[in-house]
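Fold and geometry: a report
Here is what each chain is made of, one letter per residue.
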Amino acid sequence: MSEFKELIRRFDKIRSYVRDFYIYGFKHRTEYQQKSSRTYDNERRRLESWFSRYIRSDQSGHKKSVFITLDSGRMAVNPLYQAWKSKTFTNRDITLHFLLLDLLSDRHPHSIEELTDRLQLQFGVLEDSQAIRRKLSEYEKEGILHRQKEGKQYLFSLADDLRNSTPQLFPALGSAVCFFQGTAPFGFIGSTIMDFWNLKNTRFRFRSDYLIHTLEDEILLPLLQAIQEHRLLHLTVKSSKTGQTRTVLAVPLKILVSTQTGRRYVCVRRQSDCRLASLRLDSIRDVELLDVDPQYASFQKAYSANQPYVWGVSFGESRQPETVRFSVRLHEESEAFILNRLEREGRQGTITRLEPGLYEYTRKCWDAAELLPWVKSFTGRVVSFTCSNPRVENRFWDDIRLMKQMYQLQSKR
C-alpha cells in the first residue's frame, strides 16, 4: 500500500502525474491505470498541497476530474517549480545539517576527525567519520563549504555568505535573475535564488511561457552533458500513444524546441539502424550516460547535411527526400498577404509564379506528412497538390473529401 507523504525523494515519481493533471486534466480517477487508485489519491493530495491555488475540479455524473489551470501571462514565477522544492530528507539529514553548520559557524577550518569528535562531545551525536565526509563533500559541491588541503588532510570551512551580495547592492542582478527564471531552461535555479534573496518578480510577465518545461529539465541536463562530452546514451522511452516502454541506444546531437507547440525534442543517431530520429523530452523516463563516441564529429556532420530537409522534427523512414508541390490562387493586388505567408512560413521552399494570380510552392523534405497541416491552412485556394510519396498525396485528398462531406459540398475530384 502506498503511504502518503507530501515530500518526495525522486522527482521522476511525480513528473508524469504533474504533466497529466496539467495537460490532461479531463481525466477522472479510473482512467489513471499506471498504479493503484490509492497511489492516485496520494499523488493527487500531494499536488493539491503544492498547487492549492491552481487546482480545479469538474464533475461529470458521479465522476470527478481534477486538473491544474495556469495562465503564464499572470504568473510572476512558475508555480510548477514547487515540485522541485519538495524533496524529502531523513531525521539524520536535518540533524547533521544544523549541527555541522553550527560547528563551522566560527569561520575556522576544521578537519573531518575534529568535527566528528566535537559532534560527540558537544551534542552527544555519535556518527561515523565516513558519513561526515560524504555530507561535507555534498555541501562543498553545493557551494556551502570551502575545502583546502593542509598536509595530508582536508580542512573544511564555511564559504562566503551569498547574502553579502544582495540585489540591493546590484539592482540589475536582481532583475536578471527574475528574467532568467521565466525564460531560460533550468529556471528553477533562478526561482531558488529569488527565494534566498526574498526577491519578488514585479517586472516581467511572459505570455507564451511554456511552464511545463520545468518538468523535463531533469532529463534535459544529462542530455546537454552528453552533447557537450560526445557521449553515447541509454534512453528509456515511454510512448504517449501506446504506453509501452522501450530502450534506445543513441548519440544525442541537438535539442530542438517547437515554436508552435513548445514541445522539446532531442535529435539522436540511433545505434540500432544508424538513422537520425527525434524523441520528445516528455516521453523520456531515464537517461544513462555511457562512453564517449569517437565518431561523434561525423554524426554531427551528417545531421548538418540532413537538417535542411527537415520540416519539423521528423527524419522519416525513406532514404531519399520526398518532394511536395502545391499551387494556390490569389488576387495579387488585394491578397498579397497570402504570398507573404508562403515566403515567411515556407521554410526555404521554392515559390514560382506560374501565371498572374497562380503560384506554386515546392519543397523537399524527409517526412512530407509534416507539411500537411500547413498546406491545409490554404484550403479554398489550393488548385493542385502532389507528393512523391503517394500515401501523403492520397491522405491530403482524402481529408479534403471528408471535409466536403461534412459541409455537404460537391467534390470535383
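Right, let's walk through the structure included here.

The rules behind the values
Residues numbered from 1 in each chain as written. Predicted model: local features only at pLDDT ≥ 70, side-chain atom pairs only at ≥ 80, totals over all residues. Heavy atoms only, no water. Salt bridge = Lys/Arg side-chain N within 4 Å of Asp/Glu carboxyl O. Buried < 20%, exposed > 50% of the residue type's maximum accessible area, 1.4 Å probe, protein only. Axes fitted to C-alpha atoms, helices over the stretch in contact; angles between N-to-C directions. Helix = DSSP H or I, 4+ residues; strand = E, 2+ residues; numbered from the N terminus. Parallel < 35°, antiparallel > 145°, perpendicular 65-115°, else oblique. Left-handed = near helix turned anticlockwise from the far one by under 90°. Contact = heavy atoms within 4.5 Å. Nonpolar A, V, L, I, M, F, W, Y, C, P; charged D, E, K, R; others polar. Pairing = 2+ DSSP bridges. Core = buried A, V, L, I, M, F, W, Y, C linked by side-chain atoms within 4.5 Å.

Concerning the pattern of salt bridges
Enumeration over the complete set of coordinates arrives at 15 salt bridges. Residue Arg 147 pairs with Glu 140 through a salt bridge whose shortest N-O separation is 3.5 Å. Residue classification places Glu 140 among the partly exposed positions, given a relative accessible area of 28%. Overlapping salt bridges bring together Glu 216, Asp 217 and Arg 264 as one network.

What to know about the packing of helix H4 (residues 112-123) against helix H5 (residues 129-141)
Direction vectors running N to C along H4 and H5 enclose 115°, while the axes themselves pass 9 Å from each other. Accordingly, the angle class assigned to the pair H4 and H5 is roughly perpendicular. Read as a crossing pair, H4 and H5 show a hand that is right-handed. Of the residues in H5, those in contact with Ile 112, Glu 113, Leu 115, Thr 116 and Leu 119 of H4 are Ser 129, Ile 132, Arg 133 and Leu 136. Across the contact of H4 with H5, the residue classes break down as five nonpolar, two polar and two charged.

A few points about the pairing of strand S8 (residues 264-270)
Most of S8 is tucked away, with six of its seven residues classed as buried. Two strands pair when backbone bridges link them, and strand S7 (residues 245-257) and S8 are joined in this way by seven bridges, in the antiparallel orientation. The partner of Leu 256 across the bridge, within S8, is Tyr 265. Relative to strand S9 (residues 276-280), S8 runs antiparallel, the two being bridged by five bridges. Bridged to Cys 267 within S9 is Ser 278. Hairpin remark: S8 followed by S9, antiparallel, with five residues in the connecting loop; positive phi at Cys 274, about 60°.

A closer look at the packing of helix H3 (residues 91-103) against H4
Contact geometry of H3 with H4 gives a least axis separation of 11 Å together with a crossing angle of 105°. Relative to H4, the element H3 is oriented roughly perpendicular. For the pair H3 and H4, contact is made by Leu 96, Leu 99, Leu 100, Asp 102 and Leu 103 and by Leu 115, Arg 118, Leu 119, Gln 122 and Phe 123, respectively. For the contact of H3 with H4, the residue count by class is seven nonpolar, one polar and two charged.

What about unusual backbone geometry?
Backbone phi values are negative for most residues with the exception of glycine, while trans is the configuration of most peptide bonds. A positive phi angle, close to 50°, is found at Arg 347, a residue other than glycine. Here Arg 347 shows up in the loop between helix H10 (336-345) and strand S12 (350-355). A residue is classified by how much of its surface remains accessible, and Arg 347, at 30% relative accessible area, is partly exposed. Even without being glycine, Gln 348 reaches a positive phi, approximately 65°. Along the polypeptide, Gln 348 turns up in the loop between H10 and S12. Gln 348 sits in the exposed class, given a relative accessible area of 75%.

Let's talk about the sheet that holds strand S4 (residues 145-150)
With antiparallel pairing, three strands are arranged side by side in an open sheet as S3-S5-S4. Taken across any chain shown, the strands that pair with only one partner, and hence form the sheet edges, are strand S3 (110-111) and S4. Relative to strand S5 (residues 153-158), S3 runs antiparallel, the two being bridged by two bridges. Each residue of the ladder has a partner; that of His 110, found in S5, is Phe 156. Those strands touched by H5 are S4 and S5, and its axis lies near 115° from that of S4.

Some words on the environment of Arg 207
When you line up the elements, Arg 207 lands in the loop between helix H7 (187-197) and helix H8 (217-229). Sequence-wise, Arg 207 and Ser 72 are 135 residues apart; in three dimensions their C-alpha atoms are separated by 5.8 Å.

What about the nonpolar core?
Among the nonpolar cores identified, the biggest contains 23 residues, and Phe 326, Leu 342, Trp 374 and Phe 385 are the most heavily contacted of them. Those elements giving two or more residues to this core turn out to be strand S11 (322-329), H10, strand S13 (358-365), helix H11 (372-376), strand S14 (382-387) and helix H12 (390-406). Ranked by residues supplied to this core, first place goes to H12 with four residues. Among residues more than four places away in sequence, those in contact with Phe 326 are Leu 342, Tyr 359, Glu 360, Tyr 361, Trp 374, Val 375, Phe 378, Ser 384 and Phe 385. Leu 47, Tyr 54, Ile 212 and Leu 215 belong to the second largest nonpolar core, which has 18 residues in total.

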